[in-house]
Amino acid sequence: MNILVINAGSSSLKYQLFDMETETVLAKGLCERIGLDGHLKHTPLGNGKPVFDEDVALKDHSVAIQAVIDKLVSEEYGVVGSMAEIDAVGHRVVHGGESFNESTLITDEVLKAIEDCIPLAPLHNPANITGIKACQEVMGPDVPQIAVFDTAFHQTMPEKAFMYPIPYEYYREDKIRRYGFHGTSHRYVAARAAELIGKPAEELKLISCHMGNGSSICAVDGGKSVDTSMGFTPLAGLPMGTRCGDIDAGIMEYIMNKYDMGIGEMMTVLNKKSGMVGISERSSDFRDLIDASAEGSHKSGLALDMFCYDVAKTIGSYVVALGGVDAIIFTAGVGENSRPVRNGVCKYLSAIGADMDPEKNSACKGECDIATDDSKVRLWVIPTNEELVIARDTKAIAEK
Ligand code: ADP
């Protein structure tokens, strides 16, 4: 069975085609500048065919999907014989609200429910819906389309963790609550950690740290999310590349009054000009900050310190929430690759019985346990694979 995984943004579309017999990626690629001019990079894997990397006119998402399928089946760049060899499509959908606690086959009613979540994710859900509709149009009604939600994994959080202490009517009337994001990633690494540790997920208390451009931490008890650092929106929790994370809400009123700023401009400051780039006044990219800090930039070092400190504090609070922890997992761009950041976080963790082995941290490539042999808490680095989760869910649902 071949599964196409689609992650549609407002002007971009990422894809991977999986052969699910072997769970290998046959081809992957990226459409960019959809609706503007258009560029397609298509990479066939493992069959010796060349990469296609050129400007192509992509006036909308349907044209982009058609261009992707043309490449997947083409003589020169292709990996399958015809579109009929694509058995189902899995779509990443950012927000499923309270309607979806698991992946689901997309029907008219499901599409309507995803549309109903647009107010909760005004930037993401419309793009995801456009991707779904484009696939339905190009591939026809007989190819099952499945939605996999970033929020679904966190629907197991208890009320005390997901409610905000604001008037209850905002939950009742407006569904304002903590939803959490990166659920597909947290779910993957938590399940993988259980395999690597060699214990059933039901018996483990885990803390998953997804640290990338956007970052979130998740407390996983017995395989279920019980708390997470992102909230009603992905602006909450840790300081991130360009997002502020948790701040005193009173700051907004103060800045808006003092600088005569509207809410739109204020949100741009908090979403795009804060976090690592805001503090360092240099870059949102952790690699740049590590280099700059090594060259003596105080503010770059401060931004990194603030990030590591907040990650560690959140881990500490989740140890209390979980009543203990068996393993802490680091994943995503920074968690998988940045030894200095893992080091910066782990220096706080002796207090909870987690001791990092600096040599294991330096030598780590791919999946590895970087805790000392006698550390009470294991420290795993596990590369995330959201696309594989989407492909697996899609296969399971399409087969039903
Ligand atoms: P997202 O999917 O949220 O856009 P990623 O998970 O791809 O983000 O993470 C991107 C971040 O990972 C960037 O800030 C980048 O600096 C960081 N990163 C990638 N490789 C390294 C590395 N070798 N060392 C430090 N940071 C890295």
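So, here is what we can say about the structure in this document. (Residues numbered from 1 in each chain as written. Predicted model: local features only at pLDDT ≥ 70, side-chain atom pairs only at ≥ 80, totals over all residues. Heavy atoms only, no water.)

1. Remarks on the packing of helix α2 (residues 108–116) against helix α3 (residues 125–139)
Consideration 1: The N-to-C vectors of α2 and α3 enclose an angle of 160°; their axes lie 9 Å apart at closest approach. Relative to α3, the element α2 is oriented roughly antiparallel. Both α2 and α3 take part in a crossing whose hand is left-handed. Contacts from L111, I114 and E115 in α2 reach N125, I129, I132, K133 and Q136 in α3. (Axes fitted to C-alpha atoms, helices over the stretch in contact; angles between N-to-C directions. Helix = DSSP H or I, 4+ residues; strand = E, 2+ residues; numbered from the N terminus. Parallel < 35°, antiparallel > 145°, perpendicular 65-115°, else oblique. Left-handed = near helix turned anticlockwise from the far one by under 90°. Contact = heavy atoms within 4.5 Å.)

2. Concerning the sheet that holds strand β4 (residues 39–44)
Consideration 1: Pairing is mixed across the open sheet formed by 8 strands, whose spatial order is β5-β4-β3-β2-β1-β6-β8-β7. Looking at which strands have only one partner, the edges of the open sheet turn out to be β5 (52–55) and β7 (104–105).
Consideration 2: Two elements, strand β1 (residues 2–8) and strand β6 (residues 88–93), share 4 bridges in a ladder whose sense is parallel. Note that in β6 the partner of I6 across the bridge is H91.
Consideration 3: Running at roughly 35° to strand β2 (residues 13–19), helix α1 (residues 61–73) makes contact with β1, β2, β3 (24–32), β4 and β5 of the sheet. (Pairing = 2+ DSSP bridges.)

3. Points about the pairing of β1
Consideration 1: Across the 7 residues that make up β1, a large majority, 7, are buried.
Consideration 2: Across the two faces of β1 the burial is the same, with N2, L4, I6 and A8 and I3, V5 and N7 all buried.
Consideration 3: Where β1 and β2 come together, 7 bridges link them in antiparallel fashion. Bridge assignment links L4 to a residue of β2, and that residue is L17.
Consideration 4: Linking β1 to β2, which pair antiparallel, is a turn of 4 residues. (Buried < 20%, exposed > 50% of the residue type's maximum accessible area, 1.4 Å probe, protein only.)

4. A look at the pairing of β6
In the case of a regular strand, side chains alternate between the two sheet surfaces.
Consideration 1: Of all 6 residues making up β6, 5 are buried, and the element is well covered by its neighbours.
Consideration 2: Where β6 meets strand β8 (residues 145–149), 5 bridges bridge the pair, whose relative direction is parallel. The residue bridging V89 from the neighbouring strand is Q145, located in β8.

5. Observations regarding the nonpolar core
Consideration 1: Ranked by size, the top nonpolar core spans 36 residues in total, and within it I207, I315, I328 and L379 carry the most contacts.
Consideration 2: Listed by contribution, the elements that provide at least two residues to this core are β9 (205–211), β10 (215–221), α10 (286–294), α11 (298–322), β12 (327–331), α13 (339–346) and β14 (378–381).
Consideration 3: The residues contacting I315, other than those within four sequence positions of it, are I207, C209, I217, I328, V345, L349 and I352.
Consideration 4: By size, the runner-up hydrophobic cluster in this structure holds 28 residues, among which are L40, V68, C135 and V143. (Core = buried A, V, L, I, M, F, W, Y, C linked by side-chain atoms within 4.5 Å.)

6. Concerning the site of the ligand
Consideration 1: As a structural note, the neighbourhood of the ligand is formed by G212, N213, G214, S284, D285, F286, R287, A332, G333, V334, N337 and S338.
Consideration 2: F286 has a polar backbone atom sitting 3.0 Å from an oxygen atom of the ligand.
Consideration 3: Contact with the protein chains hides 66% of the accessible area of the ligand, taken as 580 Å² for the molecule alone.
Consideration 4: Counting residues per element, the ones that place at least two in the shell around the ligand are α10 and α12 (332–337). (Near = heavy atom within 4 Å. Polar contact = N/O pair within 3.5 Å; in protein donor to acceptor, adjacent residues only side chain to side chain. Areas by Shrake-Rupley, 256 points an atom, 1.4 Å probe, with all protein chains shown as cover.)

7. Notes on the pattern of salt bridges
Consideration 1: This model, assessed by the stated rule, comprises 18 salt bridges.
Consideration 2: Among the ionic pairs, D369 bridges to R378, the shortest N-O distance being 2.8 Å. Each member of the pair, D369 as well as R378, is classed as buried.
Consideration 3: One salt-bridge network, held together by shared partners, links R192, E195 and E367. (Salt bridge = Lys/Arg side-chain N within 4 Å of Asp/Glu carboxyl O.)

8. Some thoughts on the sheet that holds strand β13 (residues 368–369)
Within a sheet, each strand pairs with its neighbour through backbone hydrogen bonds, oriented either parallel or antiparallel.
Consideration 1: Strand order in the open sheet formed by 6 strands is β11-β10-β9-β12-β14-β13, and the pairing between neighbours is mixed. In this open sheet, the two strands that pair with only one neighbour each are β11 (224–228) and β13.

Keep in mind these numbers describe shape, not what the thing actually does.
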